[in-house]
Each structure stands twice: as structure tokens, then as C-alpha cells.
Amino acid sequence: MSTIVCNSGPLIALGGIDQLGLLQPLFGTVCIAAEVAAECQAGGVSKTGLKAFRAASWLQVVDLGTSPDPLLTSLLDLGESRAIELALRHPPAVLLMDEARGRRVARDVYGLQVVGTGRILVEAKHAGLVASVKPLIEAIRNNGYWLSDRIVTEILQQAGE
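Throughout what follows, the structure given in this document is the object of discussion. Just so you know, these numbers come straight off a predicted model, no measurement behind them.

### Overview of the overall build of the protein
1) Next: Check the secondary structure of the protein and you find 10 helices and five strands.
2) Next: Contacts in the protein between residues at least 24 apart in sequence constitute 62% of all its contacts with a sequence separation of at least 6.
3) Next: Surface accessibility of the protein: about 7,800 Å² in total, with carbon and sulfur atoms responsible for 52%.
4) Next: Positive and negative charge centroids in the protein, built from 14 and 16 side chains respectively, lie 3 Å apart.

Structure representation (C-alpha cells):
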């Protein structure tokens, strides 16, 4: 097992369908930056995933203790910036992030291994933790979390559905 560092979007998406707990058996150690935790605690307008997030006592919240990297915060929001910084401190951590610009920066500039929420669901199916990915993707989208049709098609192909 390895460490996964998460951004708020996937935590909200998985929490909103009561599947946040998939991260722990797939990775073991699940870390989030304090700023990501604050974003999740704020819950947004719909409070999607807030209950699941608050119940996930196994999440390791890390205070990076330094000012955010100004280059990162000029390109990305604070949570995404801090998630990348945290992943860089825990090599070879996997970074869980859905936002396209953040994924590109993490992968292309910093060489991080990046996965998205859909990949987590595919891995969960392959591990026997969920029976099917399609209803979970539909539930995520029904909660208002945006996943493109192209991504959904790719996810379902990878899941064999």
C-alpha cells in the first residue's frame, strides 16, 4: 500500500455518495493538507459529503507549517496548491485531484503521479470493494459534481462496463 494525498473535490465527490471509505483499503495512508480540510469542512452551499468527511477519523490532516508556494497559488487555488506541496513532501505519494489545470501542473511540472475520482472507483471495482462503477458515477454527477462525458466513457471502459 502507498500514501495518497487528496484534494477537496474528490473527497466531496466520494463523500457525497458515501464512498469516501474506499480510499483507506486502497491506499492505507490518506493525507490531506489543513487547507483542504478547511475547504471540506466549509461544505459549500449543498454540504455534499460533509457528513462523511467529518466521520472519516482515519484521514490524516497535515499542517504544512510554511507559507504556500507563490508560484502554485498564482496558478491554482489554495487547496490544490497545498495538496501538491503535501504530495511533494511524501514521495512516492499518489495525488488524487480532478481539476484539469491542477493535474497538469502536478504531473508535468512536478512529476507527480496523479489519479482522479474515476480511477479510484475503477480500482475499487478491481479490488472487489464495489460491484459496479456506473451507478456510482451517476450518483456523483447527480450530486452536481462535474465529470465530462469523455471521462465517464473512459472510466466505464476501464471498469469493463
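More follows now that the structure is in view.
### Here's the deal with the nonpolar core
1) Next: Ile4, Leu11, Leu23, Ile84, Leu95 and Ile120 are the most contacted members of the largest nonpolar core, which totals 55 residues.
2) Next: Each residue touching Ile84, except ones within four places of it in the same chain, is listed here: Leu72, Leu76, Leu95, Met97, Gly102, Val105, Ala106, Tyr110 and Leu112.

### Observations concerning the state of the cysteines
1) Next: Considering all chains together, one arrives at zero disulfides under this definition.
2) Next: The structure places no disulfide on Cys40, whose sulfur is separated from the nearest cysteine sulfur, that of Cys6, by 8.9 Å.

### With respect to the sheet that holds strand S5 (residues 113-115)
1) Next: The five strands lie next to each other as S3-S2-S1-S4-S5, forming an open sheet whose pairing is parallel. At either margin of the open sheet sits one strand with a lone partner, and together these are strand S3 (60-62) and S5. Averaged over all adjacent pairs, the angle separating strand axes in this sheet is 30 degrees, with direction ignored.
2) Next: Bridging between strand S1 (residues 3-6) and strand S4 (residues 94-96) involves three bridges; their strand directions are parallel. Considered in S4, the bridge of Val5 is made with Leu95.
3) Next: Against the sheet, helix H6 (residues 78-89) contacts S1, strand S2 (29-33), S3 and S4, and its axis sits at roughly 135 degrees relative to S2.

### Here's the deal with the environment of Asp63
1) Next: Inspection of the secondary structure assignment puts Asp63 in the loop between S3 and helix H5 (70-75).
2) Next: A sequence separation of 51 residues divides Asp63 from Val114, and the C-alpha atoms of the two residues are 21 Å apart.
3) Next: Within the local environment of Asp63, its side chain forms a polar contact with the backbone nitrogen of Gly65, the two atoms lying 2.9 Å apart.

### Describing the pairing of S2
1) Next: With four of five residues buried, S2 lies mostly within the body of the structure.
2) Next: Sheet topology places S1 next to S2; three bridges connect them, and they run parallel. Residue pairing for S2: Val5 is matched across the bridge by Cys31.
3) Next: Bridge count for S2 against S3 is three bridges, and the pairing is parallel. Note that in S3 the partner of Ile32 across the bridge is Val61.

### Re the environment of Ala38
1) Next: Along the polypeptide, Ala38 turns up in helix H3 (residues 34-42).
2) Next: On the basis of relative accessible area, Ala38 is assigned to the partly exposed category, the value being 46%.
3) Next: Spatially, the C-alpha atoms of Ala38 and Val61 are 9.9 Å apart, while their sequence positions differ by 23 residues.

### Observations concerning the packing of helix H1 (residues 8-16) against H3
1) Next: Orientation of H1 relative to H3, taken along the N-to-C sense of each, is 40 degrees, at an axis distance of 9 Å. When the interaxial angle is binned, H1 and H3 end up oblique. The handedness of the crossing between H1 and H3 comes out as right-handed. For the pair H1 and H3, contact is made by Ser8, Leu11 and Ile12 and by Val36, Glu39 and Cys40, respectively.

What counts as what
- Residues numbered from 1 in each chain as written.
- Predicted model: local features only at pLDDT ≥ 70, side-chain atom pairs only at ≥ 80, totals over all residues.
- Heavy atoms only, no water.
- Helix = DSSP H or I, 4+ residues; strand = E, 2+ residues; numbered from the N terminus.
- Contact = heavy atoms within 4.5 Å.
- Areas by Shrake-Rupley, 256 points an atom, 1.4 Å probe, with all protein chains shown as cover.
- Lys, Arg positive; Asp, Glu negative; His and termini not counted.
- Charge placed at Lys NZ, Arg CZ, Asp CG, Glu CD.
- Core = buried A, V, L, I, M, F, W, Y, C linked by side-chain atoms within 4.5 Å.
- Buried < 20%, exposed > 50% of the residue type's maximum accessible area, 1.4 Å probe, protein only.
- Disulfide = S-S within 2.5 Å.
- Pairing = 2+ DSSP bridges.
- Axes fitted to C-alpha atoms, helices over the stretch in contact; angles between N-to-C directions.
- Polar contact = N/O pair within 3.5 Å; in protein donor to acceptor, adjacent residues only side chain to side chain.
- Parallel < 35°, antiparallel > 145°, perpendicular 65-115°, else oblique.
- Left-handed = near helix turned anticlockwise from the far one by under 90°.

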